[in-house]
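So you can see what is in the structure, the chains are spelled out below.
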2 protein chains.
Amino acid sequence: MENFALKAVDALAPEVAVVKPQSAFFEAYGAPGIAVLERVIDHARAAGALVLLDVKRGDIGSTMAAYAAAYLGGVTGLDADAITISPYLGYGSLAPAFDAAKAAGKGLFVLARTSNPEAARLQNAVLDNGKTVAQSIVDQAAAGNAGAAPLGGIGVVVGATIGTGELDLSRLNGPILAPGFGAQGAGVAELRKLFGPSLRGVLPASSRDILRHGPNPAALREQVRRIAASLAG
Amino acid sequence: MENFALKAVDALAPEVAVVKPQSAFFEAYGAPGIAVLERVIDHARAAGALVLLDVKRGDIGSTMAAYAAAYLGGVTGLDADAITISPYLGYGSLAPAFDAAKAAGKGLFVLARTSNPEAARLQNAVLDNGKTVAQSIVDQAAAGNAGAAPLGGIGVVVGATIGTGELDLSRLNGPILAPGFGAQGAGVAELRKLFGPSLRGVLPASSRDILRHGPNPAALREQVRRIAASLAG
């Protein structure tokens, strides 16, 4: 696992803007796996890439502050440039992470409307103000980003496979992490159609579609360049 | 941190049914912190306590399966008897964890209605079938527990500080993890009033109210016995 992960990150980090390790695949090896994740983060940063660590943490109070310290506080080997966070306990419960990110000039991506089929019912449930859960997350992120230039640091996760017009992203003023690109089915045309004028803030994420070429460094690089060319086209 | 954690678990594990470590406080020290968490789990189990690891993980597909392997698969030092999981990506997205728990005879606690003030709006949002998000989580857990005796393995997290009658737990047939007991304000009378006939499945959790007596083993034990006596009374 360490051989695969470090070969992949050494081949890819000089090619891409952001490396997004998935914490679960390292946690699956316990503490030694987390030590490998620390080396992956270190290699990616040394090669000049930003690290967006996909951890989807979400908790309250002192516990959320501990997650923020772990991943945004600059004090552990797991320190990243941005992380994903999960708002089931309420957007406001994530405040310690917003505070930590702002203090360190880092970023956050709050789960809003994900691409998996089981997500629609909960994320489209309706709040007492008539908004859907997902729209409410986007709007609260937008409030946090108001006035920031060129973009605020609070991003959202919106799957590249949801329906066009389902979500109003026009006031977000922050980045959009869009999984579902590549292996999960969305292409460049779908990104354009779905995100429209918000496209400049979209971070399309591809994982399996690249890693299936590993651990061959040349094949990994070639696949990333193929995807980059398709995005530029 | 290791000294405090191991003194606390060595003092408390022989006294209680379940030890619930909070992963965030170990993650805040990076990979070395996770190694300490592995030793905490090992000490707790060696003393005969069950370990409910509070990780609130939630993801989809192969990623959720990796979390299930990490914490329920019997293959890492982080292996626990039960974990907490978060359903923002949809209850159905958690299926790999339900499968892993069932295969291993372990348990899960799905976040349903938590005690923090920021949680109410999202968790009380209304689905297309007219149920609240929280009630829908409880009902899906109930469907998974149907027919199990004495209780099924799918529990829910319901704060001991929410309103009476807000949630129908009568068909759950599974355990209820009730944080909010002690430091967060609920007492034994509130538990009784809130959970009524479901009380036999309630696992009241106390953390800060005990740990503030550490790392003095005798004081920790005394506080746990004080709480146990109040629950029995």
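Cut-offs used in this document
Residues numbered from 1 in each chain as written. Chains lettered and ligands numbered in written order. Predicted model: local features only at pLDDT ≥ 70, side-chain atom pairs only at ≥ 80, totals over all residues. Helix = DSSP H or I, 4+ residues; strand = E, 2+ residues; numbered from the N terminus. Rg over C-alpha atoms; globule rule 2.2 N^0.38 Å. Buried ≥ 20, exposed ≤ 12 C-beta atoms within 10 Å, placed from the backbone. Contact = placed C-beta atoms within 7 Å. Axes fitted to C-alpha atoms, helices over the stretch in contact; angles between N-to-C directions. Parallel < 35°, antiparallel > 145°, perpendicular 65-115°, else oblique. Left-handed = near helix turned anticlockwise from the far one by under 90°. Nonpolar A, V, L, I, M, F, W, Y, C, P; charged D, E, K, R; others polar. Pairing = 2+ DSSP bridges. Core = buried A, V, L, I, M, F, W, Y, C linked by C-beta atoms within 7 Å. Domains from an automatic or database assignment. Least-squares fit on C-alpha atoms with pLDDT ≥ 70 in both. Expected span 1.5 Å × (residues − 1). pLDDT = per-residue confidence, 0-100. Right-handed = clockwise from strand over helix to strand, strands pointing away.

**Remarks on the overall build of chain A**
Regarding its fold elements, chain A presents 10 helices and seven strands. In terms of overall dimensions, chain A is globule-like: its C-alpha atoms have a radius of gyration of 17 Å, near the 17 Å expected for 233 residues. A principal-axis box enclosing the C-alpha atoms of chain A has dimensions of 50 × 45 × 35 Å. For chain A, buried positions account for 55% of its 233 residues. Relative to all contacts within chain A whose residues are 6 or more apart in sequence, the contacts with residues 24 or more apart total 66%.

**Digging into the packing of helix α1 (residues 2-12) of chain A against helix α10 (residues 217-232) of chain A**
The relative placement of two packed helices comes down to the angle between their axes together with the axis-to-axis distance. Residues and elements named next belong to chain A. For the pair α1 and α10, interaxial distance at closest approach is 9 Å and the crossing angle is 50°. With respect to α10, the axis of α1 lies oblique. Between α1 and α10 lies a crossing whose hand is right-handed. For the pair α1 and α10, the contacting residues are Lys 7, Ala 8, Ala 11 and Leu 12 in the first and Pro 217, Leu 220, Arg 221 and Val 224 in the second. In terms of residue class, the contact of α1 with α10 is built from six nonpolar, no polar and two charged.

**As for the sheet that holds strand β3 (residues 82-85) of chain B**
Hydrogen bonds between backbone groups are what pair the strands of a sheet, and the pairing can be parallel or antiparallel. Residue and element names in this part refer to chain B. Judged by pairing direction, the sheet is parallel, and its seven strands sit side by side in the order β1-β2-β3-β4-β5-β6-β7 without closing on themselves. At either margin of the open sheet sits one strand with a lone partner, and together these are β1 (18-19) and β7 (202-204). With two bridges joining them, β1 and strand β2 (residues 50-57) adopt parallel strand pairing. In the sheet register, Val 18 faces β2, and the bridge partner there is Leu 50.

**Looking at the interface of chain A and chain B**
Contact with chain A, which involves 43 residues of that partner, is made by 43 residues of chain B. Elements with a minimum of two residues in the side of chain A that touches chain B: α2 (23-27), α3 (30-46), α4 (61-72) and α6 (120-123) of chain A. In the side of chain A that touches chain B, the residues fall into 24 nonpolar, 12 polar and seven charged.

**A closer look at the pairing of strand β5 (residues 154-158) of chain B**
Residue and element names in this part refer to chain B. Counting buried positions along β5 gives five out of five residues, so the element sits mostly inside the fold. Here β5 shows no split at all, with Ile 154, Val 156 and Val 158 on one side and Gly 155 and Val 157 on the other all buried. Where strand β4 (residues 107-113) and β5 come together, five bridges link them in parallel fashion. Bridge pairing in β5 links Leu 108 to Ile 154. By the bridge criterion, two bridges tie β5 to strand β6 (residues 176-178) in an arrangement that is parallel. Each bridged residue has a counterpart across the sheet, and for Val 157 the counterpart in β6 is Leu 177.

**A few points about the nonpolar core**
Core analysis: the biggest nonpolar cluster contains 162 residues, and A:Ala97, A:Val110, A:Val156, B:Ala97, B:Val110 and B:Val156 have the highest contact counts within it. Of the domains in this structure, domain 1 (1-105) and domain 2 (106-206) of chain B are the two that each give at least three residues to this core. Setting aside anything within four residues of it in sequence, one finds A:Val156 in contact with A:Phe109, A:Val110, A:Ala112, A:Ile137, A:Val138, A:Ala141, A:Leu172, A:Gly174 and A:Ile176.

**Thoughts on the relation of the copies chain A and chain B**
For the pair chain A and chain B, the best superposition has an RMSD of 0.0 Å and corresponds to a rotation of 180° with a translation of 0.0 Å parallel to the axis. On the angle and the small slide along the axis, the relation comes out as a two-fold axis. Here 100% of the interface residues in chain A have copies in chain B that are interface residues too; the copies meet face to matching face.

**With respect to helix α3 (residues 30-46) of chain B**
For α3(B), with 17 residues, the first-to-last C-alpha span of 25 Å sits near the 24 Å given by 1.5 Å per residue. Of all the residues in α3(B), the buried ones are B:Gly30, B:Ala31, B:Gly33, B:Ile34, B:Val36, B:Leu37, B:Val40, B:Ile41 and B:Ala44. In the core, the buried residues of α3(B) are packed alongside α3 and α4 of chain A together with α1 (2-12), β1, α2 (23-27) and β2 of chain B. Phi for B:Gly48, located one or two positions after α3(B), is positive at around 95°.

**Quick word on the sheet that holds strand β4 (residues 107-113) of chain A**
All names here are of chain A. One open sheet accounts for seven strands, arranged β1-β2-β3-β4-β5-β6-β7; its pairing is parallel. With partners counted over all chains shown, the strands left at the sheet margins are β1 (18-19) and β7 (202-204), one partner each. The pairing of strand β2 (residues 50-57) with strand β3 (residues 82-85) spans three bridges and is parallel. Directly across from Arg 57, in β3, lies its bridge partner Ile 85.

**Details of the environment of A:Phe98**
All names here are of chain A. The topology assignment puts Phe 98 in helix α5 (residues 95-104). Here Phe 98 falls in the buried class, since 21 other C-beta atoms lie within 10 Å of it. The spatial distance from the C-alpha of Phe 98 to the C-alpha of Ala 65 is 9.8 Å, given a sequence separation of 33 residues. In this view, Phe 98 contacts Leu 108, Gly 144 and Ile 154; residues no more than four positions away in its chain are not counted.

**Side note on the confidence of the model for chain A**
Residue-level pLDDT values for chain A average 94, and 98% of them are 70 or greater. Across the assembled chains, the prediction reports ipTM 0.96 with pTM 0.97.

**Things to note about the pairing of β2(B)**
Counting buried positions along β2(B) gives seven out of eight residues, so the element sits mostly inside the fold. A crossover connection joins β2(B) to the parallel β3(B) through helix α4 (residues 61-72) of chain B; in handedness this β-α-β unit is right-handed.

**Concerning the packing of α1(A) against α3(A)**
Residue and element names in this part refer to chain A. Relative orientation of the contacting elements α1 and α3 amounts to 15°, with a least axis distance of 9 Å. Here α3 runs roughly parallel to α1, going by the angle between their axes. In this structure, α1 crosses over α3, and the sense of that crossing is right-handed. Within the contact between the two elements, α1 uses Glu 2, Ala 5, Leu 6, Val 9 and Asp 10 and α3 uses Val 36, Arg 39, Val 40, His 43 and Ala 44.

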